[in-house]
Amino acid sequence: MNLAQTFTPARPLAQHCSELTERGPRPEQRAEYLAGWRRDVAREVAQDLADLLSGTKLEAKLSEAEMMRGSAVFEKIGAVAANSLLRCGSGDQTVLLSFSVDTAIALTDRSFGGSGEIAPDGATSLPRSAALLIEQASRTIARSIARVSAGGGAIGEVEGDVIIRSESASRLKPFAPSNSCALFTLTLTTPEAISWEAIIAMHSERLDSLLPGLGSPVTAGEGGDDNGALEAIMGDIPLPMKAVLAEIDLSLGQLNRLAPGDQIPLAVTRDIPLRIGARAIASGSLGTKEDRMALKLTGVTHEGLSA
């Protein structure tokens, strides 16, 4: 049973489709964000991997994106490599990270104080020590990407980790072979001019969600000369809202037996949701204002209307 007060709209609510109110970034704007993301990811990775590689001062570079099918990505990586599926945020921001086996062994050598030069001996499997080193490096890179994509939050405030590893990239199922994918080459270089490369690839539709500022569509009227235009157009449209004090479950038999004078115990929650339809847009605590019952807001979900 809901004890709620509903405010009836004064006129029918307007229905606006997302095609009219949302637009994607302009090509030049997206290119600018992508260039900044590549620069920042490279810088963070270089700093974060230094300790793992015996304090080596690294120079990192993330190439421009190569657009190709998922099948071409798998072919470029090869049948055997040190592959990791990374979580780089709290949503579905997952990317594929891949080191060749020879590169993984060279990085392990460097971490133990060796030169780290790549010996192309055609190794077909990862030694245990190399697998452990790559897992640590992959987790570090995932956190670096997550931190940049979150706009520079502290390490504890972002989510970056290794979901699963495999020597077969296709077995990780980061994307379908038919998907359009963005592939980046991460190049790490030491002061002695020794270089290592890794592949970072993702479904092209997930790329924008990794770019700070482009994670969600731009609403018409946001920024530029259109700032506030949408609010001016739609700001006076009334919306029915309800504050739900308590919810209880009664069986059909109990409903049939209800009679005047019956008492139904209610457990009023501390945070009372304020809803539009079934969607909670805010929450608050119950109180009074000018001798009337009132709701003091304690939290607002800004995504509530746009999700």
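Described below are features of the structure shown in this document. Going along each chain's sequence as written, the residues are numbered from 1 onward. pLDDT decides what is reported in this predicted model: residues at 70 or higher carry local features, side-chain atom pairs at 80 or more are listed and counted, and totals for whole chains, interfaces and linings draw on all residues regardless. Computation of side-chain values: all heavy atoms of the structure, hydrogens and water removed.

**Thoughts on the overall build of the protein**
Phase 1 of the analysis: Secondary structure elements are taken from DSSP: a helix is a run of H or I of four residues or more, a strand is a run of E of two residues or more, and numbering for both begins at the N terminus. Each helix and strand in the protein was counted, giving eight helices and 13 strands.
Phase 2 of the analysis: Partly exposed residues are those whose accessible area sits between 20% and 50% of the maximum for their type, while under 20% is buried and over 50% is exposed, using a 1.4 Å probe and protein chains only. Counting across all 307 residues of the protein, residues that qualify as buried make up 36%.
Phase 3 of the analysis: Should any heavy atoms of two residues lie within 4.5 Å, those residues are considered in contact. Partitioning the intrachain contacts of the protein with sequence separation of at least 6 by distance along the chain shows that 65% fall at a separation of at least 24.
Phase 4 of the analysis: Each accessible area value is a Shrake-Rupley result obtained with a 1.4 Å probe; residue values ignore everything except the protein chains displayed when judging cover. By element, 50% of the accessible surface of the protein is carried by carbon and sulfur atoms, the whole surface being about 18,300 Å².

**Things to note about a nonpolar patch on the surface**
Phase 1 of the analysis: Think of a patch as exposed residues, more than 30% relative accessible area, with no salt bridge, where like charges cluster within 9 Å and nonpolar side chains (Val, Leu, Ile, Met, Phe, Trp, Tyr) cluster within 5 Å. We define a salt bridge as a contact between a side-chain nitrogen of Lys or Arg and a carboxyl oxygen of Asp or Glu at a distance within 4 Å. Together, Leu250, Leu252, Leu255, Leu258, Ile264, Leu266, Val268, Leu286 and Met293 give the surface a local cluster of nonpolar side chains, amounting to about 800 Å² of exposed area.
Phase 2 of the analysis: You can see Leu250 is positioned in the loop between strand E10 (242-243) and helix H8 (252-256).

**Comments concerning the sheet that holds strand E13 (residues 292-300)**
Two strands in a sheet stick together by hydrogen bonds in their backbones, pointing the same way (parallel) or opposite ways (antiparallel).
Phase 1 of the analysis: Spatially, four strands are ordered E10-E11-E12-E13 in an open sheet, and the strand pairing comes out antiparallel. Unpaired on one side and paired on the other, E10 and E13 mark the two borders of the sheet.
Phase 2 of the analysis: In this structure, strand E11 (residues 272-276) lies alongside strand E12 (residues 279-289), joined through five bridges in antiparallel fashion. Along E12, the bridge assignment pairs Arg275 with Ala280. In this scheme, strands are said to pair when DSSP sees at least two bridges between them.

**Concerning helix H2 (residues 27-49)**
Phase 1 of the analysis: In this model H2 runs 33 Å from its N-terminal to its C-terminal C-alpha over 23 residues, within 8% of the 33 Å that 1.5 Å per residue would give.
Phase 2 of the analysis: Against the buried residues of H2 lie strand E2 (59-62), helix H5 (128-149), strand E7 (180-189), strand E8 (195-203) and helix H6 (204-210). Any helix carries an expected span of 1.5 Å times its number of residues minus one.

**Some thoughts on the side chain of Ser98**
Phase 1 of the analysis: Mapped onto the elements, Ser98 comes out in strand E5 (residues 94-99).
Phase 2 of the analysis: Polar contacts involving the side chain of Ser98 include one to the side chain of Asn83, which spans 2.6 Å.
Phase 3 of the analysis: Among all residues touching Ser98, those that are not within four sequence positions of it are Ile77, Ala81, Ala82, Asn83, Ala198 and Ile199. We define a polar contact as two N or O atoms separated by no more than 3.5 Å, with the added condition that, inside protein, one atom must be a possible hydrogen donor and the other a possible acceptor, whereas residues neighbouring each other in sequence contribute only through side-chain atom pairs.

**A look at the pairing of E5**
Phase 1 of the analysis: Where burial is concerned, most of E5 is hidden: six out of the six residues are buried.
Phase 2 of the analysis: As paired elements, strand E4 (residues 82-87) and E5 share six bridges and run antiparallel to each other. Paired with Ser84 across the bridge in E5 is Leu97.
Phase 3 of the analysis: In terms of strand pairing, E5 meets E8 through three bridges, oriented antiparallel.

**Here's the deal with the packing of aromatic side chains**
Phase 1 of the analysis: Whether two aromatic rings pair depends on their centres lying within 6.5 Å, for rings of Phe, Tyr and Trp, where Trp uses its six-membered ring; planes under 30 degrees apart make the pair stacked, over 60 edge-to-face, and the rest tilted. Evaluated as defined, the whole model comprises two aromatic pairs.
Phase 2 of the analysis: Taking the centre distance of 5.3 Å and the plane angle of 20° together, the rings of Phe74 and Phe175 count as stacked. With Phe74 in helix H3 (residues 70-77) and Phe175 in the loop between strand E6 (161-166) and E7, this pair connects stretches of sequence that are 101 residues apart.
Phase 3 of the analysis: A relative accessible area of 7% places Phe175 in the buried class.

**A word on the pattern of salt bridges**
Phase 1 of the analysis: Inspection of the entire model under this criterion finds 10 salt bridges.
Phase 2 of the analysis: The shortest N-O distance in the salt bridge between Arg43 and Asp40 comes to 2.9 Å. In this pair, Arg43 and Asp40 both sit in helix H2, three residues apart, roughly one turn of the helix.
Phase 3 of the analysis: Of the residues examined, Arg43 reaches a relative accessible area of 38% and is grouped as partly exposed.
Phase 4 of the analysis: The buried category is assigned to Asp40, whose relative accessible area is 19%.
Phase 5 of the analysis: A salt bridge links Glu44 to Arg147; the nearest nitrogen and oxygen atoms lie 2.8 Å apart. In this pair, Glu44 is assigned in helix H2 and Arg147 in helix H5, connecting sequence segments 103 residues apart.

**Notes on the packing of H2 against H5**
Packed helix pairs are specified by the crossing angle of their axes together with the interaxial distance, meaning the distance between the axes.
Phase 1 of the analysis: To obtain an axis, a line is fitted to C-alpha atoms, over the contacting stretch when the element is a helix, and the angle between two such axes runs from 0 to 180 degrees between their N-to-C directions. For the pair H2 and H5, interaxial distance at closest approach is 9 Å and the crossing angle is 140°. Classified by the angle between their axes, H2 and H5 sit oblique to one another. For the pair H2 and H5, the sense of crossing is right-handed. Across from Trp37, Asp40, Val41, Glu44, Val45, Asp48 and Leu49 in H2, the residues of H5 making contact are Ala137, Thr140, Ile141, Ser144, Ile145, Arg147, Val148 and Ser149. To sort the angles, those under 35 degrees are grouped as roughly parallel, those over 145 as roughly antiparallel, those from 65 to 115 as roughly perpendicular, and the leftovers as oblique. Left-handed describes a crossing in which the near helix is turned anticlockwise from the far one by less than a right angle; the clockwise case is right-handed.

**A short note on the packing of helix H4 (residues 101-111) against H5**
Phase 1 of the analysis: The geometry of H4 relative to H5 is characterised by a closest axis approach of 9 Å and an angle of 85° between their N-to-C directions. When the axes of H4 and H5 are compared, the pair comes out roughly perpendicular. Contact residues: Ala104, Ile105, Leu107, Thr108 and Ser111 in H4; Ser129, Ala130, Leu133 and Ile134 in H5.

**A word on H3**
Phase 1 of the analysis: Burial in H3 covers these residues: Gly70, Val73, Phe74 and Ile77. The buried side chains of H3 occupy one side of the element, clustering within an arc of 95° when seen end-on.
Phase 2 of the analysis: Two residues or fewer past H3, Gly78 is found with a positive phi of approximately 100°. Our arc is simply the arc of the directions from the helix axis toward the C-beta atoms.

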